[in-house]
Structure formats: C-alpha cells, structure tokens
Amino acid sequence: HCLHWPQNLCLSKVHGIHHLCVVPPGCPWLWDNLTCWQPARVGEVVVVSCPELFIQFMSEEDDGKVSRNCTEDGWSETFPHYVDACMFDEPNTTHEHPDMYYVSVKALYTVGYSTSLVSLCTAMVILCRFRKLHCTRNFIHMNLFVSFILRAISVFIKDGVLYAEEDSNHCFLHTVECKVVMVFFHYCVLSNYFWLFIEGLYLFTLLVETFFPERRYFYWYTIIGWGTPTICVVIWAVLRLHFDDIGCWDMNDNAGIWWVIKGPVLASIMINFVLFIGIIIILVQKLQSPDIGGNESSIYLRLARSTLLLIPLFGIHYTVFAFSPEDVSKRERLVFELGLGSFQGFVVAVLYCFLNGEVQSEIKRKWRSWTVNRYFAVDLKHRHPSLASSGVNGGTQLSILSKSSSQIRMSSLQAESPAT
C-alpha cells in the first residue's frame, strides 16, 4: 500500500490483516506525479516499470524500467529519465508529450458527454411529457437514456475525485468516498451496456415472435437492465475489498477480479452483435418480399439506412476493440471508446427521439393546439374585455364562446325554418 505514514513506519497486509511495521531510517514514500516509490534503506536501489502513462509510446518488445537510489540525502533523480526509458524513439519522428495526449482525449470526451447529457435530458423531458408516446418501446428507450445520463454523470464525478488537482498525491488516495465513486462508475457503465443489450433483445423478439406480451417482458427487462449490474458490481466490490484493496480501485491489476466486470460487458457486446446480424438477415428477407414495393436500389437503400440506425442503438462499434488485449492499440482504443463513444448518447437521442416521426407529429400537434388556444384567448380578450377583466380564465372563456356561438346558430336555424 502506498499510504502516508511517518518516515520510520509502514503498513503491510498479510492474509487480509494489516500490520504496522518499523522501517529503518532511509527514504520515505515518494510520489513524483508519475510513480509511487516505496520506502527504502540507505544504499538501496528501487527499480520500477514505466508508468501506464507511457505504455502506448513504447514498443511491444521494450520493457522499460526506471530506478532511484536511496542516499543519505534522500532519493536521487530517476535513472534513466522517464522519457529516455519509456519512450520508443523512431528515426526522424517526433513524439507529442504524453500529458498533452491525455489532456486532448479528456477534452474530447468531456465535450462528448456534456453534449450527450444535454440532449438526453431534453429527450427524457419530451418522452415523459407526452402521454401518447408512452409505450413499451419508448419505455425501453427512456431506460437506455437514463443509463447514458448516469454514465456521463459518473464520468464527471470520477474525474472530479481522481483528477481534481493535477499534483494530487496518488500514493495517499485511498478514501472510502473515492472507492464508492469507482463502484458507482462501474455500475453506471455496466447498466449502460445491459440496456444496449435489452434494446437489441427487444427488437429481435419483436421481429421473431408473432404474439409478444410486451408488458410482461418489460418487467424482466427492467430486472436484467438494473438488477444484473447491481449483482456484478457488488461481487466485484466485495472481492476488491478482501483481495485487492489497493488505492482508489481505479487500477485493475488483478485480472481475475476485473473479469467480474469485464466478462458481462463482453458477453453483452457479443450477444448484441449476434442479434444485430440476425436482425439484418430478417430485414433483408422482409425487404425482398414481393409485398414490399420498390426496385433493387431502393431496397438496399432501406437496408443501409436501417443498419446505420441500429449501430448506435446496439453499441456495435464496441466490437472493434472488445476482444483485443487491453495493452494493444491503447492509444486508438482511448480515442475510439472514450472520445467517439462519449457522443453515442447524443446520437441515440437524435435518432430515436428528435428525428422520430411519432415524436415530431406529437410536438407539432401540441404546438398547433397551443397556438389555436392562444389565438382564441387573445382574440376573446380584445372582443370581451369585461370577461377578461372579471377573472375568468382562458378555458372558461373558450367554453363560453363555444356555447354562445352554438346558441346563435340554433336561433338562426329556427328563424330560417318558417321561411322554408
């Protein structure tokens, strides 16, 4: 553990039990903004691997090491320097500073999640406001929107806790609040993947089954979407607490424990990809049916449009790096999954709310209704100022106006009847 103790004390963990031990005079714990250096005796040389920050800048064969010597005056400088040991140098090439790379990725996904958060909140207000849009399909969309919203919020909270100060000492970052934030973050991410899976499962079931009890299925969808991530995250937190209680739980060095989170994510991505292929096959069969009009080009155009609409809804883009090792193409993975993936919520909100025909027609209908009511209210105010000043509301005025107009029509008909 990289914990803050007096210079001659340390905390060790054996079989899950913490023990306080005495360290001979020497060099204390040191955080140099890149690596946490453990205490050492005078004359001892401490060797560590290159920080994760530099992994994508190293060759696959290179196993970079840096060291410090503990002297009577304290820690020496690193030898070799981080840049010399951890940066793979190619002829006639220049490397951008790794800090700038991470800052650029962070700026990209901050913009993406902010855009997604605003658009998803707006979409949620629209779907909740109009009763005619309340159906099983839109309820599933709404749960997916909520999972995207929670994912964006959890990312901002995690960044605020872990990276609030650039010079924060990560050796001593091990508070309970920090670990709770990481548990919440993993729950939100896992829930988002599961609701993407439910979107695919719902659409596939809708196409395959003739009689589909949507309300009963929605109950199980809710349990799978929110309940299964809860179980996985609780198991992961318990395992981390007992077997890998190091730091803020933001590093996943124990692969076995990490698979409690990674396994369900990969399973949902793989199943969704299979469902996606199955749905495309069904769409091809339906579009080629004689009942569907149009020439061959229009059929392929419909198929391409349907496929593009399903990709963000199913999260198919996650399959690009889903089954590759995490240390392979890490630079591209970060840009693709964090940078571009942060805009997925925005794309889903636009395609399945703002551009949805039912949503647009309902908004237009409400707008026309509001415009007409406002017109009659303003017109009645000018024509009958006594009614407007007497405290009668707009709805009452319209009812009075409709009743008076019907009475006028009836009297005119009675007046015309003898003449005929």
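Residues numbered from 1 in each chain as written. Predicted model: local features only at pLDDT ≥ 70, side-chain atom pairs only at ≥ 80, totals over all residues. Heavy atoms only, no water.

An unreviewed UniProt entry lists the protein under the name ADCYAP receptor type I, with Hucho hucho given as the organism. If you open the UniProt record of the protein and go to Sequence similarities (unreviewed entry), you find "Belongs to the G-protein coupled receptor 2 family." The record in UniProt for the protein states the following under Subcellular location (unreviewed entry): "Cell membrane". (UniProt positions renumbered as here; feature names shortened; annotations may be inferred.)

Q: Could you give me a rundown of the pairing of strand β7 (residues 45–49), with the residues and numbers involved?
A: Burial along β7 is one-sided: Val-46 and Val-48 are buried, and none of Val-45, Val-47 and Ser-49, which face the opposite way, are. When β7 meets strand β8 (residues 65–71), the two strands line up antiparallel, connected through five bridges. The residue bridging Val-48 from the neighbouring strand is Val-66, located in β8. (Buried < 20%, exposed > 50% of the residue type's maximum accessible area, 1.4 Å probe, protein only. Helix = DSSP H or I, 4+ residues; strand = E, 2+ residues; numbered from the N terminus. Pairing = 2+ DSSP bridges.)

Q: Go over unusual backbone geometry with me, naming the residues and quoting the values.
A: The amide bond that connects Phe-79 to the next residue, Pro-80, takes the cis arrangement and shows omega of -10°. Checked against the element boundaries, Pro-80 lands in the loop between β9 (74–75) and α1 (82–86). Residue Trp-249 is not a glycine yet carries a positive backbone phi of 65°. Take Trp-249: it is sitting in the loop between α5 (214–243) and α6 (255–287).

Q: Got a sec to walk through the pattern of salt bridges? Specific residues and values, please.
A: As enumerated under the stated definition, the model contains five salt bridges in all. Two residues, Asp-159 and Lys-158, come together in a salt bridge whose shortest N-O distance is 3.6 Å. (Salt bridge = Lys/Arg side-chain N within 4 Å of Asp/Glu carboxyl O.)

Q: Break down the sheet that holds β7 for me, citing the residues and quoting the values.
A: Spatially, three strands are ordered β7-β8-β9 in an open sheet, and the strand pairing comes out antiparallel. Either end of the sheet is taken by a strand with one partner, and the two such strands are β7 and β9.

Q: Talk me through the packing of helix α4 (residues 176–208) against α5; I want residue IDs and the actual numbers.
A: Between α4 and α5, whose axes approach to 9 Å, the crossing angle comes to 150°. In terms of orientation, α4 and α5 fall into the roughly antiparallel class. Viewed along their axes, α4 and α5 form a crossing whose handedness is right-handed. Class assignment of the residues belonging to the contact of α4 with α5 gives a composition of 19 nonpolar, seven polar and one charged. (Axes fitted to C-alpha atoms, helices over the stretch in contact; angles between N-to-C directions. Parallel < 35°, antiparallel > 145°, perpendicular 65-115°, else oblique. Left-handed = near helix turned anticlockwise from the far one by under 90°. Nonpolar A, V, L, I, M, F, W, Y, C, P; charged D, E, K, R; others polar.)

Q: An account of a nonpolar patch on the surface is needed here, citing residue identities and associated values.
A: A cluster of nonpolar residues, Ile-153, Ile-157, Val-161 and Phe-184, forms a patch on the protein surface that exposes about 260 Å² of accessible area. Considering each element in turn, the nonpolar patch owes the most residues, three residues, to helix α3 (residues 136–162). Checked against the element boundaries, Ile-153 lands in helix α3. Judged by its relative accessible area of 31%, Ile-153 is partly exposed. (Patch = residues over 30% accessible without salt bridge, like charges linked within 9 Å, V, L, I, M, F, W, Y side chains within 5 Å. Areas by Shrake-Rupley, 256 points an atom, 1.4 Å probe, with all protein chains shown as cover.)

Q: Give me the confidence of the model for the protein: which residues, what numbers.
A: Summarising the model, the protein shows a mean pLDDT of 76, and 69% of its residues fall at 70 or more. Note that residues 1–8 has pLDDT below 50 and, in this model, 23 contacts with residues that lie over four places away or in other chains. A low-confidence stretch, residues 90–95 (pLDDT under 50), is modelled with five contacts involving residues beyond four sequence positions or located in other chains. (pLDDT = per-residue confidence, 0-100. Contact = heavy atoms within 4.5 Å.)

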